[in-house]
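Here is how the chains run, residue by residue.
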Amino acid sequence: MTEATREPHETRLKRLRMRSMRRGIKEMDLILAAYADARLHQLGHEALDRYDALLEENDQDLYRWVSGQETPPEHFEPMIDDIVQHGTRA
């Protein structure tokens, strides 16, 4: 059992929210904090695992992925697409 699976769900959501808004670059703070506020509570366990892993990525890479400058790794594509779609609706 991983640490994330032992963590209470609400605690995990709060932790992911904080990590979303305290990034290295302001653009990613804004993009990910808005996404976290709108979507984290709707995501299932596997999607939260993927988001947690995404937050481990370098901010410059994340920004290039969400801005369409580079194609994200295949395992992150659905999540990046969801983040981009959320940003265009906001």
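Summarised in this report is the structure supplied together with it. (Residues numbered from 1 in each chain as written. Predicted model: local features only at pLDDT ≥ 70, side-chain atom pairs only at ≥ 80, totals over all residues. Heavy atoms only, no water.)

Describing the pattern of salt bridges
One pass over the structure, following the stated rule, counts 11 salt bridges. The partner of Arg12 in a salt bridge is Asp52, with the nearest N and O atoms 3.9 Å apart. With a gap of 40 residues between them, Arg12 in helix H2 (residues 9-21) and Asp52 in helix H4 (residues 45-54) connect regions that are remote in the sequence. No difference in accessibility class separates Arg12 from Asp52, as the two residues are buried. Taken together, the shared-partner salt bridges in this structure form one network comprising Glu7, Arg12, Arg15, Arg19, Asp49, Asp52 and Glu56. (Salt bridge = Lys/Arg side-chain N within 4 Å of Asp/Glu carboxyl O. Helix = DSSP H or I, 4+ residues; strand = E, 2+ residues; numbered from the N terminus. Buried < 20%, exposed > 50% of the residue type's maximum accessible area, 1.4 Å probe, protein only.)

Observations regarding the nonpolar core
Of all hydrophobic cores here, the largest spans 20 residues; its most connected members are Leu40, Tyr51, Leu54, Met79 and Ile83. Every element with two or more residues in this core is listed here: H2, helix H3 (26-39), H4, helix H5 (59-66) and helix H6 (77-89). Discounting chain neighbours no more than four positions away, the residues touching Leu40 are Leu13, Leu16, Arg17, Tyr35, Leu48 and Tyr51. (Core = buried A, V, L, I, M, F, W, Y, C linked by side-chain atoms within 4.5 Å. Contact = heavy atoms within 4.5 Å.)

Examining the packing of aromatic side chains
On inspection of all chains with the given rule, the structure shows two aromatic pairs. Relative to Tyr51, the ring of Tyr35 has its centre 5.7 Å away and its plane inclined at 35 degrees; by these criteria the two rings are tilted. On the criterion of sequence distance, the pair formed by Tyr35 in helix H3 and Tyr51 in helix H4 is long-range, its members being 16 residues apart. The class for Tyr35 is buried, based on a relative accessible area of 0%. Overall, the relative accessible area of 0% leaves Tyr51 in the buried class. Centroid distance Trp65 to Phe76: 6.0 Å. Interplanar angle 35 degrees. Geometry classified as tilted. Remark: Phe76 occurs in the loop between H5 and H6 and Trp65 occurs in helix H5; sequence separation between them is 11 residues. Across the pair, exposure class does not vary: Trp65 and Phe76 are buried alike. (Phe/Tyr/Trp six-rings, centres within 6.5 Å; stacked < 30°, edge-to-face > 60°.)

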